[in-house]
Structures are given as C-alpha cells and as structure tokens.
Amino acid sequence: MLLQPAAERAYLGDALHAPVRGEVELLADALISVRADGTISAIQRNASHQSRAQIEHFEVRGALVRARAGQYLLPGMVDLHVHAPQWPQLGKALELPLEEWLQAYTFPLEARYADESFAQSEYESLVEGLLANGTTTALYFGTIHLPATQRLADICLRRAQRALIGRVAMDNADQCPDFYRDTSAASAEAQTRAFITYVHSLPGNEAGLVKPVITPRFIPSCTDELLRSLGALARESGCHVQTHCSESDWEHQYVLERYGITDTAALDRLGLLGRHTVLAHGNFLSDPDLAIIGARAAGIAHCPLSNVYFSDAILPLRHLLAQGIHVGLGTDIAGGASPSILENARHAVIASRYLEAGVDPAQSRAQRRRADSRIDALTAFWLATAGGGIALDLPVGVFREGFQFDALLIEGGSERGNLRLQPGDSPADLVQKIIYHAGRGNIREVWVANRRVHSRSGD
Ligand SMILES: [Zn+2]
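Residues numbered from 1 in each chain as written. Predicted model: local features only at pLDDT ≥ 70, side-chain atom pairs only at ≥ 80, totals over all residues. Heavy atoms only, no water.

Focus: the pattern of salt bridges
So, step 1. All told, the structure shown has 24 salt bridges when counted by the stated rule.
So, step 2. Here Arg-167 makes a salt bridge to Asp-182, at a shortest N to O gap of 2.4 Å. With Arg-167 in strand S8 (residues 162–169) and Asp-182 in the loop between S8 and helix H6 (185–200), this pair connects stretches of sequence that are 15 residues apart.
So, step 3. Take Arg-167: its relative accessible area is 1%, and that puts it in the buried class.
So, step 4. Judged by relative accessible area, Asp-182 falls into the buried class, the value being 3%.
So, step 5. Residue Arg-193 pairs with Glu-236 through a salt bridge whose shortest N-O separation is 2.9 Å. Here the residue Arg-193 occupies a position in helix H6, and Glu-236 occupies one in helix H7 (residues 224–237), the gap between them amounting to 43 residues. (Salt bridge = Lys/Arg side-chain N within 4 Å of Asp/Glu carboxyl O. Helix = DSSP H or I, 4+ residues; strand = E, 2+ residues; numbered from the N terminus. Buried < 20%, exposed > 50% of the residue type's maximum accessible area, 1.4 Å probe, protein only.)

Quick look at helix H8 (residues 249–259)
So, step 1. For H8, the complete set of buried residues consists of Glu-251, His-252, Tyr-254 and Val-255. Buried residues along H8 cover an arc of 160° about the axis, so they all sit on one side.
So, step 2. On its buried side, H8 packs onto strand S10 (240–245), helix H9 (263–269) and helix H10 (287–296).
So, step 3. Count one or two residues on from H8 and you reach Gly-260, which has phi positive near 75°. (Arc of directions from axis to C-beta. Contact = heavy atoms within 4.5 Å.)

Quick notes on the coordination of the zinc ion
Each donor-metal-donor angle in an ideal tetrahedron of four donors is 109.5 degrees, and each such angle in an ideal octahedron of six donors is either 90 or 180 degrees.
So, step 1. Of the protein atoms, only His-81 (NE2), His-83 (NE2), His-244 (NE2) and Asp-332 (OD) coordinate the zinc ion, at distances of 2.1 to 2.7 Å.
So, step 2. Around the zinc ion, the four donor atoms are arranged such that angles at the metal cover 79 to 171°; this shape is classified as irregular.
So, step 3. Each donor residue of the zinc ion belongs to the same chain, with the gaps between them written as H-x1-H-x160-H-x87-D. A residue pair is termed long-range when its members are at least 10 positions apart, and His-83 in strand S6 (residues 77–83) and Asp-332 in the loop between strand S13 (326–329) and helix H13 (341–357) qualify at 249 residues. (Donors = N, O, S within 2.8 Å, 3.2 Å for Na, K, Ca; no water. Tetrahedral: all angles 85-135°; square planar, octahedral: opposite > 155°, others 65-115°.)

Topic: a nonpolar patch on the surface
So, step 1. Together, Ile-350, Tyr-354 and Val-359 make up an exposed nonpolar region whose accessible area comes to about 300 Å².
So, step 2. Positionally, Val-359 belongs in the loop between H13 and helix H14 (365–368).
So, step 3. According to the relative accessible area criterion, Val-359 is exposed, its value standing at 64%. (Patch = residues over 30% accessible without salt bridge, like charges linked within 9 Å, V, L, I, M, F, W, Y side chains within 5 Å. Areas by Shrake-Rupley, 256 points an atom, 1.4 Å probe, with all protein chains shown as cover.)

Details of the nonpolar core
Nonpolar side chains tend to gather and get buried jointly when the protein is soluble and globular.
So, step 1. Membership of the largest hydrophobic core comes to 117 residues, with the highest contact counts inside it found for Tyr-140, Ile-165, Ile-410 and Ile-434.
So, step 2. Sorting elements by how many residues they give to this core places helix H15 (residues 377–392) first, with eight residues.
So, step 3. What Ile-434 contacts, discounting residues up to four positions off in sequence, is Leu-16, Leu-74, Leu-342, Arg-346, Ile-410, Leu-419 and Leu-421.
So, step 4. By size, the runner-up hydrophobic cluster in this structure holds 14 residues, among which are Tyr-11, Ala-15, Ala-30 and Val-34. (Core = buried A, V, L, I, M, F, W, Y, C linked by side-chain atoms within 4.5 Å.)

Examining the packing of aromatic side chains
So, step 1. Applying the stated criterion to the full structure yields 11 aromatic pairs.
So, step 2. Measuring from ring centre to ring centre gives 5.9 Å for Phe-107 and Tyr-180, while their planes differ by 45°; the resulting arrangement is tilted. A residue pair is termed long-range when its members are at least 10 positions apart, and Phe-107 in helix H3 (residues 98–111) and Tyr-180 in the loop between S8 and H6 qualify at 73 residues. The same class applies to Phe-107 as to Tyr-180, namely buried.
So, step 3. Among the aromatic residues, ring-to-ring pairing joins Tyr-11, Phe-399, Phe-405 and Trp-447 into one connected group.
So, step 4. Geometry around Trp-382 places Arg-21 over its ring, the cationic atom sitting 5.7 Å from the centre. (Phe/Tyr/Trp six-rings, centres within 6.5 Å; stacked < 30°, edge-to-face > 60°. Lys NZ or Arg CZ within 6 Å of the ring centre and 35° of its normal.)

Printed below as a string of structure tokens:
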C-alpha cells in the first residue's frame, strides 16, 4: 500500500478516547483538524451543524475523512514492549521454562538476524502486522546486530510507524551464548552509539518519528562495565532507555545476589532510570522500588499475556497505578503469543480479576486473594492508549490540540468478528465491547501522524 503524502486533513465522526484514567469521553460528531506534520490543530464537536464552513474547506480539497454511523475513531494503540526479532516464533514453545525457551529457541533465532535479508523480510512482515492490529507506536528491542536493527528503523520510517528502537546490548559471557553475544563492553557501547547516530541522521526522520533507545537486555546479560557505560550514555544523549526489570523470581534473585540490592535500585545507581526509561514487566517490584521508579517518573510495560508463561506472578497493577507509576501495555512478542494490544488490554482486566480472587481453591478465600486489585475495561483502554503515551513522554494516546493524530477507525459487524456496536450503547458500553471483542478484522483504517498507514484489504 502506498503511503499518503503528508497534508493538512480533517476527520469527521464520532471519536472515543480516555483523557482521564477509568473514564471515557465520546467526542460526538467531531471535526478533528490536523496539520500536515500530524499535529491536531482543532477539535470541534457537533460539527455537522456548527462547523459547516470548515468541513467544506477540507472537503473541496479532498482532505476530509468521514467516519460513518457505527464507526469510531480511537487513539492508536501503544505497545511498550516488543522483541522485533521474535516475530517468527509467535506462539511457539510457550510450554518451556524461560531459560530453556531462550537458549533453545530465542537466542538461536535472534542470532539469524546477522543475515540482513532475513531481517529485512521478517521486519517488513512484523511492522505490517502490528499496524494492521492498530499499533501506531511501538517500543522495540532489536538484536545485537547493527545492520539488522538499522533495517528495522528504515522500515518503520518508510511505513510511518512511530517507533522507538534499541540495538540490544548483552556482553556477559556467563549468561549469553557464544554465538549470540557482544564481544566486549566497549564494542557494545560503540555500536549503540553508532545506532543512535544512524537514526538521528536518517533522511526523512527530522521530526523524530523513529527514535533510538539504549537497550541493555537485562542486568544478568550485561557486565558492570557495559551497564555503567550505557548509563553514562543515557545521561549524555537523553535517549530513551528500555530493559527488563524484576520480571521473574530468577531474575529478581539474580540481581539481589549479584549486587545485594534490587533490580530497580541497581538500575538507578547505574544511571539507567529516568523519565525516558521503560521497564518491562516489574512483577516483583517492592514498595521501595516503586518509590524510586515514581521519583524518576520512569514507566512500566505491563505484559499480561507474557506474564502467564514466564513471570511466575501477576503484576499488582492497581497498586502501581495508586502509587502514581506510569504504566502502559506491552505484547512482549514473542513471550506473549498475541500481537494485539487490544487483546492484551482484555487480559490485563482478566489477570487483575485472578489476582483479586486468588487462584488456588485449596487456600481459604482470605488467603488466596489480594483485595482491591481489579481494574475495569475503561482503565485497560486508557493503558492501551493514553497510559502508553505518558510512559513514553510522547504527545500521543488522546485526541487533544497539540497532540499527534495517531488513530484507528473501528467498526463492528458479524462478518468481521464478534464486535457488535449498537446505537443505544453508552460511551462506556462501546469501550467495554471494544476491549472484550475487537480484533484486527474490526480495524478498518490506521493513521500515524496524519498519514494512513493501513487500510483493511478487501474494502
Ligand atoms: Zn521482553
């Protein structure tokens, strides 16, 4: 599909978004005017009656997109945790423990990205697949290979997906296989710097649609020397940082044994925790850890599907939100078997209910439950959109003047799946139905920064 050129446009129809966590706002019959650079310049409600002149202004230029009755504009989905190279093994071998899954499947697969043409075809397929699922912003781990990770940046820019991409750093010989490891801390740092320079100088990326991310895989896979140098680079460059943190019993214990302090405290001392840091998982964060993360205003990528397989626990999400922690959602491809943030939003609700009820019937009700843990579908919708934007400190996730127009057009209908949106549905009903039933078949169009990046085939 050819991308639309950047141009001033307007979108007319019903829009749903969640500027406040746990609430939904319907912008009925809204005219959303967007500048060529993707910035929302104005939002007028009841526009068909009150903004006829503006509608005509766009219509005569062929720059008006109309949503029909029963179709809704939503903010684009934000995925805070994707392992781009793991796309070919989505849904594979999830019965294995994490360590075996990594050694037998994941590291050998990631090593194949030394082959640039393999990387090119898999990354094309990945970005196309995520856009079709409504993911307009993705925070990607690449591999240790600089050329392959550069190809991912090229593809995201060409297809106009908002992307934050990291060339993975992992040099610890005790934890990483010989065939897939940085040869030294110095070379890992040098290649991270080279990737940052490459992305910043990509022609067509002047607005920063694609951003480089400093990406130590996690503390166990890196030496102290590498972690310290990446912390210094984070301060020097101001780039985003991503890593895994307190995901599982093993990882949490490993860091306690190596440093005598928690994962979070160690990352903080190493200079890797700041406003532009996103920590994947965080299931075993303590209250003192949360206090540090809150003070640094770092974000958490909650990956409810992946946590089922590899994390040993359910994230006490509501507790984090009550502490004011920035949280969004992640698919954790391929630890999670779905590329859909909507599906992960659904599972965030379900996981929270398991946590609140408890799961072991052999325990008494009081022993098996963790009170006040549930979240509702409206909160999940906020996490998938506005929450992700806040975690990344990017102006996306809500329809607001000055924010970027990243959006999708969603519709129900029995021929497209199980989503049925009806005229009498309240805004909260609509969002609940979307969270529980919407899939990629319901996503008709997707835009990033005011450019159409996906249109459902067959229409
Ligand atoms: Zn991960």
